[in-house]
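Residue-level structural notes
Okay, here's what each chain looks like letter by letter:
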Amino acid sequence: MRSKTQKWIRHILLELLGLLAALLMIMPVYVVVINAFKPFKKILTNTFAFPDSFYLDSLLYVWDSMNYLTILKNTILSAIVVVVVAVVLSAMCGYKLSRVDDRKSKVFIVCLLASMIIPFQSIMLPVYQVVHRLGQSDNLLGYMITLVPLYAPFAVFVYHGFVKTVPRALEESAIIDGCGPFRVFFQIVFPLMSSTTASIVVLFTLWVWNDYTLPSLLLRSAQNKTLTTAVYSFFSSYYTRWDYGIASLTLAIMPITLFFIFMQKYFVSGMVAGAIKG
Amino acid sequence: MKEKKYVYWVFVLPVLALYIIYFIIPVGMCAYYSLLDWNGVNKSPTFIGINNYIRLFQDKDYFQAMWFSARYAIFSVILGNVLAIFVALWVNSKLRVRNMMRTCFFLPNIISGIVVGFVWVFIFNQGTKALYSAIPIGLFQIKWLSDPTNAFYAILMVSLWQSVGYYMLIYLSGLNSIDAAYQEAAAIDGANGLARFRYITLPLLMPSITINLFMSTANAFRLFDMNVSLTNGGPGKSTVALALDVYTELFSNSKMGYGSAKAMILLLIVMIITLFQVGYTKKREVDL
Amino acid sequence: MLKRISLFLVAVLICGIIGTSAIADESKDVAWMQFQIEAAEAVSQLTELYMEQHPDVKITAEVNGTNLTEVLKAMFTAGDVPEIFMTEGYNNMKTYADYLTDLSDQPFVDQLVDASLNCITLDGKIVGLPVTFQSEGILYNKAIFEQYGLTEPTTLTELKAVCEALKAQGVTPFVNEFKDDWLLGQFLACGGYATIPDTASFTDGLYAGTATFAGNEQMLRSFEILDLMLQYGQDDPLSYGWNEACTAFALGEGAMMFEGDWVWDTLKSIDPELQLGMIGTIVSDDVSENRMAVDVNGVWHVGKGSANADIAIDILNWLATDEGAKEILLNTYKVIPVFKGWEYDGSSNPLCIAPYAAMQDGNVFSWPWPTWPDGFRGEAGKLYQEYILGNLTAADVLAQMDTIWADLTK
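Cut-offs used in this document
Residues numbered from 1 in each chain as written. Chains lettered and ligands numbered in written order. Predicted model: local features only at pLDDT ≥ 70, side-chain atom pairs only at ≥ 80, totals over all residues. Heavy atoms only, no water. Helix = DSSP H or I, 4+ residues; strand = E, 2+ residues; numbered from the N terminus. Rg over C-alpha atoms; globule rule 2.2 N^0.38 Å. Buried < 20%, exposed > 50% of the residue type's maximum accessible area, 1.4 Å probe, protein only. Domains from an automatic or database assignment. Contact = heavy atoms within 4.5 Å. Buried area = accessible area lost by both parts, 1.4 Å probe. Salt bridge = Lys/Arg side-chain N within 4 Å of Asp/Glu carboxyl O. Polar contact = N/O pair within 3.5 Å; in protein donor to acceptor, adjacent residues only side chain to side chain. Nonpolar A, V, L, I, M, F, W, Y, C, P; charged D, E, K, R; others polar. Pairing = 2+ DSSP bridges. Axes fitted to C-alpha atoms, helices over the stretch in contact; angles between N-to-C directions. Patch = residues over 30% accessible without salt bridge, like charges linked within 9 Å, V, L, I, M, F, W, Y side chains within 5 Å. Areas by Shrake-Rupley, 256 points an atom, 1.4 Å probe, with all protein chains shown as cover. Parallel < 35°, antiparallel > 145°, perpendicular 65-115°, else oblique. Left-handed = near helix turned anticlockwise from the far one by under 90°. Phe/Tyr/Trp six-rings, centres within 6.5 Å; stacked < 30°, edge-to-face > 60°.

A tally of helices and strands in chain C yields 17 helices and 12 strands. A globule of 410 residues ought to have a C-alpha radius of gyration of about 22 Å, and chain C, at 24 Å, matches this closely. Oriented by its inertia axes, the alpha-carbon framework of chain C measures out at about 75 × 60 × 45 Å. Across the 410 residues in chain C, those meeting the buried criterion constitute 60%.

Dropping the structure here:
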């Protein structure tokens, strides 16, 4: 039996180590953010120093030239639509494929898995052809529709696995009570997987936020662009405009960081426990 | 039970239909391209049948890339998942720093693709120089990006840095969907921490493990953006992963046909690996 | 309930999006796509100026430095041809042969200087408008040279003497940017390939399979120069890419660097007071072999089959004649002019002064690497990296270059 002091020391040690680990993890992000406030020269010569004065020129220039508010709106819109549509459709699909575990369901799951393996560049040209033939190029809606099948397989796979943690007994008793299949899913099963949904929502939002290849291909006009295309416009295989690039990157990562912090409470344990008892 | 049939399709068809349009068709086209001699732009490519595949089997660069990707996959999958489970457990406990830890571990993911590599090039070059002038120990003198062996570990480090938070998220929801009642019951029956982990947590965590093992394997073979910006396959060709090799053929060398053949083989190999993997872990998932 | 609300919101959003994207547009759309992100500002000014003068035209310009090749190829394959797009000319544009409009009869062609014509000619036809000349050679820090009483070396013996003198003073002679495989590819082009007598025939020979790199005297010599640069260069050259090398050079950590005039913007941002000059890549004591390489970098093409190709042609002619465009090209884009009679004073980029003068005298090499097959520059550069690592000998490298050339031209 451990003495109280030993437990206390162990606890403090874990806390301190946790703090250290956390700080180490965000160190590169810290490097990015502090360099947004430095002029070009300082970024290259004193990369790791804290800025001695808050140089705002890069941020202001970038805000203006990349039309920040418009592209922020585009990115947020894409994120919301894609996440809502993809999550709902994938949850439905994953749920049914898991509950009805016959041969065709197994085949479907395997096929969906395949799409997560292939590097996107290999199918980039054909995908663009499909999108263009459907008349959806340079169109935010077309872009969103294309993203759904690109991201959905992952969510289907996740829901397929996590549905197993919801006891079938619950569904069966609901059916006995007279619920139709949609009610059973949306009112009983889906709410019980809210922790899973929270993770998927965060991941999908992140993916949409950071997506580069597809927007660079599909979204042409200035008013349709997303954040990542604007950020990448300052980077190239040869010459990189670090001051504007880092400034635009900082502006791009701030909203999603806030979003993630906001979503924290959905990951707190205890949210789901107890729901199963009823 | 009759109505079940059409209900099944209503649930499954939306995703499946979109998938067929935006994935199956493009992959089919990619398979067709692999039978051509084409530079990606020409209006009239030549049909050469399976010549690209024959050439592939004699391409030593391709095999070198495969070897790199295989090593990288093994390391990143094992280390990534072990670390992620460990961090998820750590973050799920009653520490006061856990909210901050959860955010900080996930934060590396918010910097996308190419930019991650650029930032880390700074850290490996200027950062280690700065650290060395502060604390002159051998550790900070390692040439991370110009030595083939070290470059491998550099890429591994950066990808673990990003992916641990990512897999941690899935493990967290996995941990949270395990009803505390099971843990309590086991504790009452006299099981200690380690036993509880092994016999209760781990089996009930299997869905998360299936997902994460699959994702980490697929992601290991899809490594691209960071590969380009961190080392660009260098020095020489020592850190060329499969996706970079495919991309180089497709776009830098303007060999759309040959590159597509490489992509198809990559798909085949990874599919076989993950089928075995998923089949194995799915069997161990507990259905409540 | 929540589900109903969210579905409703989604429906509203979708209606909104359809609404905004369906606004009828009467203007003629021109898509302009190019790389060279340092010119993004200039391109935007040029397009605005043209649109001011031609209100019925709407130009959507896109400067993409990361994946332009992929985007262009995807667009072409889908039948979506941009009106104006950029390539590097020579063999690089050959890939796009099916989409290049013949511009041989255009007025601007007569205004081009002869040195620029090689790059834009395909099968005897002019297919593009060159953007600017750029030069490559050994950059050197005039201040450091002055400080130690050194003069510009013009022969190999002089170069070695300069290196020894600098080393004796504790200054690293060379900053080597060898992490970038494309730079090594360009080095072997300037310091080896370009010095091959009758380079054009040699290139034809390579394509025909009658010439080889293996055993080539000038190519073998390039390794000696490489060894020299490594010997007198900074530690760990394989971890120095563009940023690291430019930072080191601008901070005076090295006196010389093999690069091109395009690094001026990066160097200037670190130290605007830098006194720099450029000399040719030195390979021997024969001065005629030690020239700078100057050639066209960037060619604008008119997409054949694009919706408004005629407007695109008009834009290219306008670039050659309009006063406002000329001003933007010279001062914002900072081109070394390709048109006869345009005055160039080098004020925007001190590195260009020497090459421009040399070009007027006809004392420069043209760039070999754009005549190589797609991807060869990077592949060859990587082989040179393997040489630096010690994994391959010079003979191995040249033999493998032959194999890769054959593979890429199959």
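It is worth spelling out the domain arrangement of chain A at this point. All names here are of chain A. Partitioning chain A into domains gives domain 1 (2-35) and domain 2 (57-277). The C-alpha centroid of domain 2 is placed 31 Å from the C-alpha centroid of domain 1. Residue-level contacts link four residues of domain 1 with four residues of domain 2. Note on domain 1 versus domain 2: buried area summed over both sides is about 320 Å², and carbon and sulfur give 84% of it. Of all residues in domain 1, Val32, Val33 and Asn35 give up the largest surface area on contact with domain 2, accounting jointly for 91% of the area buried on that side. The interface formed by domain 1 and domain 2 includes zero salt bridges. Put simply, domain 1 and domain 2 have zero residue pairs in polar contact (both at pLDDT 80 or more) between them. Of the residues in the side of domain 1 that touches domain 2, the class split is three nonpolar, one polar and no charged.

All names here are of chain C. Within the secondary structure, Thr371 sits in the loop between helix H15 (353-360) and helix H16 (376-389). From its side chain, Thr371 meets the backbone oxygen of Pro368 in a polar contact 2.5 Å long. If we ignore the near neighbours within four places in the chain, the residues touching Thr371 are Tyr90, Asn91, Thr203 and Tyr207.

On to the interface of chain C and chain B. Across the contact, 28 residues belong to chain C and 38 residues belong to chain B. In total, chain C and chain B occlude about 2,700 Å² of area from one another, counting both sides; carbon and sulfur atoms represent 49% of this. Applying the counting criterion to the chain C and chain B interface returns one salt bridge. Lys237(B) is the salt-bridge partner of Glu379(C), the closest N and O atoms lying 2.6 Å from each other.

Residue and element names in this part refer to chain C. The strand order across the open sheet built from five strands is E2-E1-E3-E12-E6, with neighbouring strands paired in mixed fashion. With one partner strand each, in any of the chains shown, strand E2 (57-63) and strand E6 (129-130) form the two edges of the open sheet. Relative to strand E3 (residues 84-87), strand E1 (residues 28-34) is paired through two bridges, and the arrangement is parallel. Across the sheet, the residue bridging to Met33 is Phe85, located in E3. Here helix H2 (residues 40-53) sits on the sheet in contact with E1 and E2, set at roughly 175° to E2.

Here we take up the pattern of salt bridges. For the structure shown, the criterion picks out 16 salt bridges over all chains. Across the pair Asp101(A) and Lys106(A) runs a salt bridge, and its minimum N-O distance is 3.9 Å. A relative accessible area of 48% places Lys106(A) in the partly exposed class. Taken together, the salt bridges that share partners define one network made up of Asp59(B), Asp245(B), Glu249(B) and Lys262(B).

What follows covers the environment of Tyr61(A). In this structure, Tyr61(A) sits in helix H3 (residues 57-65). Other than its neighbours up to four places away in sequence, Tyr61(A) contacts Tyr244(A) and Glu41(C).

This part is about a nonpolar patch on the surface. Residue and element names in this part refer to chain B. A cluster of nonpolar side chains, contributed by Ile74, Phe75, Ile78, Leu79, Val82, Leu83 and Tyr153, occupies part of the molecular surface with about 620 Å² of accessible area. Of all the elements, helix H3 (residues 60-92) adds the most residues to the nonpolar patch, at six residues. Mapped onto the elements of the fold, Ile74 is located in helix H3. The exposure class assigned to Ile74 is exposed, which follows from its relative accessible area of 52%.

Now for the packing of helix H10 (residues 217-231) of chain C against H16(C). All names here are of chain C. Direction vectors running N to C along H10 and H16 enclose 55°, while the axes themselves pass 12 Å from each other. Here H16 runs oblique to H10, going by the angle between their axes. At the point where H10 passes H16, the crossing takes the right-handed sense. For the pair formed by H10 and H16, the contact residues are Met219, Ser222, Phe223, Leu226, Asp227 and Leu230 on the first element and Tyr384, Tyr387 and Ile388 on the second. Residue composition of the contact of H10 with H16, grouped by class: seven nonpolar, one polar and one charged.

For the rest of this paragraph, the subject is the packing of helix H8 (residues 181-190) of chain C against H16(C). All names here are of chain C. Relative orientation of the contacting elements H8 and H16 amounts to 95°, with a least axis distance of 7 Å. By the angle between their directions, the pair H8 and H16 is classed as roughly perpendicular. Contacts between H8 and H16 involve Asp181, Trp182, Leu184, Gly185, Gln186 and Leu188 from the former and Arg377, Gly378, Ala380, Gly381, Lys382, Tyr384, Gln385 and Ile388 from the latter. Broken down by class, the residue content of the contact of H8 with H16 amounts to six nonpolar, five polar and three charged.

Time to look at the environment of Gly298(C). Residues and elements named next belong to chain C. Locating Gly298 in the fold gives a position in the loop between strand E11 (293-296) and strand E12 (299-302). Residues Gly298 and Gly128, 170 residues apart in the sequence, show an inter-C-alpha distance of 9.6 Å. Every residue in contact with Gly298, bar those within four places of it in the chain, is listed here: Gln36, Met86, Thr87, Leu129, Pro130, Val131 and Thr132.

Bringing the interface of chain B and chain A into the picture now. With 93 residues of chain B in contact, the opposing surface of chain A contributes 100 residues. Carbon and sulfur atoms make up 78% of the surface buried where chain B meets chain A, a total of about 9,100 Å² over both sides. Counting the surface chain B buries against chain A, the share from its top three residues, Tyr8(B), Phe11(B) and Tyr22(B), is 10%. Inspection of the chain B/chain A interface yields zero salt bridges. One can count 11 residue pairs in polar contact (both at pLDDT 80 or more) joining chain B with chain A. Of all the secondary-structure elements, those providing two or more residues to the side of chain B that touches chain A are helix H1 (4-33), H3, helix H4 (98-106), helix H5 (113-134), helix H6 (148-176), helix H9 (206-222), helix H11 (242-252) and helix H12 (256-283) of chain B. The element contributing the most residues to the side of chain B that touches chain A is H1(B), with 22 residues.

To continue, consider the packing of aromatic side chains. On inspection of all chains with the given rule, the structure shows 70 aromatic pairs over all chains. Arranged with centres 6.4 Å apart and planes meeting at 40°, the rings of Tyr159(A) and Phe190(A) form a pair that is tilted. With Tyr159(A) in helix H7 (residues 140-162) and Phe190(A) in helix H9 (residues 181-192), this residue pair connects regions lying 31 residues apart in the sequence. Considering the side-chain rings of Trp242(A) and Phe118(B), the 5.7 Å spacing of their centres and the 75° angle between planes classify their relative orientation as edge-to-face. Within this pair, whereas Trp242(A) is found in helix H13 (residues 242-263), its partner Phe118(B) is found in helix H5, the two belonging to separate chains. Note on Trp242(A): relative accessible area 1%, which makes it buried. The buried category is assigned to Phe118(B), whose relative accessible area is 17%. What links up through ring pairs into an aromatic cluster is the set Tyr95(A), Tyr159(A), Phe182(A), Phe185(A), Phe186(A), Phe190(A) and Phe11(B).

For the bond from Gly234(B) to Pro235(B), the omega torsion is -5°, close enough to zero to count as cis. For Pro235(B), the position within the fold is in the loop between helix H10 (225-230) and H11. Positive phi is not limited to glycine here, since Gln36(C) has a value of about 70°. Within the secondary structure layout, Gln36(C) lies in the loop between E1 and H2. Within the chain, Asp236(C) stands out as a residue other than glycine whose phi angle is a positive 60°. Mapped onto the fold, Asp236(C) is located in the loop between H10 and helix H11 (242-250).

Residues and elements named next belong to chain C. The domain architecture assigned to chain C consists of domain 1 (2-130 + 298-345) and domain 2 (134-291 + 363-408). Once you take the C-alpha centre of each, domain 1 and domain 2 turn out to be 33 Å apart. Each side of the interface is counted separately: domain 1 has nine residues, and domain 2 has 12 residues. Regarding the contact of domain 1 and domain 2, the summed buried area is about 770 Å², with carbon and sulfur atoms giving 38% of it. Of all residues in domain 1, the largest losses of buried area upon contact with domain 2 belong to Glu88, Tyr90 and Asn91, amounting jointly to 56% of the total for that side. Run the count over domain 1 and domain 2 and you get one salt bridge. Notably, a salt bridge pairs Asp265 with Lys334, separated by 3.8 Å at the nearest N-O pair. Viewed at the interface, domain 2 and domain 1 are joined by four residue pairs in polar contact (both at pLDDT 80 or more). Split into classes, the residues belonging to the side of domain 1 that touches domain 2 amount to two nonpolar, four polar and three charged.

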